Amino acid sequence: MERELNGYLLKGGRLIDPASGGDGLFDIRVRNGVVDAIGSNIAPEGATVLDVKDHIVTPGLSDVHLHLMKGLGAFGVDPDIFGVGSGVTTVVDAGSAGHSLLTVFRDYVTNNARTRVLNYINLSTLGGVAGPGFGILADPRLIDEEKIEKTVETHRDIIVGIKIMATGGALGAEGLKPLARARKLGDQLKLPLLVHIGESWSKNAEPVHVGDVLKYLRAGDIVTHMFTVHPGGLLDGNGRLWPQVRDAKASGVLMDVGHGLHNLNFDVARKVLDQGLHPDGVSTDGHRGNRHGPVYDLPTTMAKLMALGFSLNQVVEMATVNAARLLGRSSDLGTLRIGSIADISVLRLQDRAWQAVDSQKGIIPAHQAIVPIYTIRGGILYDALPVQRP
Ligand SMILES: [Zn+2]
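In this report, we go over the structure that sits alongside the text. As a convention, each chain's residues are numbered from 1 in the sequence order in which they are written. This being a predicted model, a pLDDT of at least 70 is required before a residue's local features are given, and a value of 80 or more before pairs of side-chain atoms are given or counted; all residues contribute to the totals for chains, interfaces and linings. Think of the side-chain values as coming from all heavy atoms in the structure, minus any hydrogens and water.

### Let's talk about the overall build of the chain
In plain terms, the rule: The way it works is that DSSP assigns letters per residue, a run of H or I at least four long becomes a helix, a run of E at least two long becomes a strand, and they are numbered from the N terminus. Every radius of gyration here is taken over C-alpha atoms, with the globule rule written as 2.2 Å times N^0.38, N being the number of residues. Relative accessibility decides the category of a residue: with a 1.4 Å probe and only protein chains considered, values under 20% of the type maximum give buried, values over 50% give exposed, and everything between is partly exposed. Contacts were defined at the residue level, with two residues in contact if any of their heavy atoms lie within 4.5 Å. Per-residue and other accessible areas follow the Shrake-Rupley method at a 1.4 Å probe size, with only the shown protein chains counted as cover for residues.
Check the secondary structure of the chain and you find 10 helices and 15 strands. Against the globule reference of 21 Å for 390 residues, the chain gives a C-alpha radius of gyration of 20 Å, in line with a compact fold. With respect to the principal axes defined by its C-alpha atoms, the chain has extents near 65 × 45 × 35 Å. When the 390 residues of the chain are sorted by exposure, 59% land in the buried category. Across the chain, every contact between residues at least 6 apart in sequence was considered, and the portion connecting residues at least 24 apart equals 76%. Carbon and sulfur atoms form 51% of the exposed surface of the chain, whose accessible area is close to 15,100 Å².

### Overview of the coordination of the zinc ion
Threshold: Note: metal donors comprise N, O and S atoms at 2.8 Å or less from the metal (3.2 Å for Na, K and Ca); water molecules are not included, so apparent gaps in a site are possible.
For the zinc ion, the full set of protein donor atoms is H65 (NE2), H67 (NE2) and D285 (OD), and the range of their distances to it is 2.1 to 2.2 Å. Taken in sequence order, the residues that donate to the zinc ion follow the motif H-x1-H-x217-D. H65 sits in the buried class, given a relative accessible area of 1%. Judged by its relative accessible area of 16%, H67 falls in the buried class.

### Observations concerning the side chain of D63
The condition that has to hold: We count Lys and Arg on the positive side and Asp and Glu on the negative side, and we leave His and both chain ends out. Every case where a carboxyl oxygen of Asp or Glu lies within 4 Å of a side-chain nitrogen of Lys or Arg is listed as a salt bridge. Whenever two N or O atoms come within 3.5 Å, that pair is a polar contact, provided that in protein one can donate a hydrogen and the other can accept it, and provided that, for residues adjacent in sequence, both atoms are side-chain atoms.
Position of D63 among the secondary structure elements: in strand β6 (residues 61-66). Of the side chains with opposite charge, R291 lies nearest to the buried D63, which makes no salt bridge, at 8.3 Å. At 2.7 Å, the side chain of D63 and the side chain of T284 are in polar contact. Sequence-distant contacts of D63, defined by excluding residues within four places in its chain, comprise V88, T90, V91, V92, S283, T284 and L298.

### Describing helix α8 (residues 266-274)
So the rule is basically this: Note that the arc is computed from the directions linking the helix axis to the C-beta atoms.
Buried within α8 we find F266, V268, A269, V272 and L273. Seen along its axis, α8 keeps its buried residues to an arc of 155°; they face one direction. Exposed and oriented more than 90 degrees from the buried face of α8 are D267 and D274. For α8, the elements touching its buried residues are α9 (298-307), β13 (344-357) and β14 (363-377). Of the residues one or two after α8, G276 is the one with positive phi, at around 90°.

This is the structure in structure tokens:
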């Protein structure tokens, strides 16, 4: 970490900012935590010059689904590992904390991180305490609307939505009732729902049909694990998208990748993409158990989408402007303008052959890798952490 009082001048990089349509060689100067100049041949005026020739410079990337309560079970990971250590300026925890742990989350996670850490509050009071596969919504007492409402009132600056495990394992005997309660709560609190699909943890549970789940979702809500191979995913038995999925997408429901240990399957992805359904957001579902494979980091997950046919500009769009929109933070995140927060990612696009591996060890050939080099978060510079990527 370095803090330079006179800021930084990123010189000679290729700036890709899909929000503004910008893609070209631009210098960027940051000072006092904000962007203070963008253009050609900008003078340092005392700022420390970083030569980023042959690098990609983007608005700070956002990873919208991870598990960031370090010390909580087998999953919690230090947010700065997938955050500023991976070229990412904003990370979002997906449901580690229910209402009863939200203050702990804020004090020990958000307030101790160098990365901006936002939160999807778990609909269940238990959140991630019990670990995956438990019936965390299977008892009606495990949802406490009043307490969630109070918690959201206090922490609205970091809470961006409500996380729901829409699996047979989590819902148990309650069936779809928790989804109806989440819908009401989302409307009342004006927060989107982030819904996990796919029976990845509770193999013996009766899976929930995605068409039933989607009935409860509206524009702005997010389905995560769109490429899951597990029961309850987007495809029917013949590999066709359930019609309700198309309808949901057309009505404005957003689709997120949520790679994770279990839920990025290249065969499913190809089928979904071939039928014209594209992701809105890209996320790692990063945690302690997938940092060293198959996930690694957000740039590697973005490169896997490139191996599936997306362009660099498209995956940058997903991780910047789309992510900001999905988080309801378009006003301050996801683009670079004079005066915007100096959240910037510096990446290297490498032309090299490698094998992209999915959650089921499926392999597809990839020809370009994305490697994080630096992160500037709020004007402070961080080097990317080493990790043995494929
Ligand atoms: Zn997750």
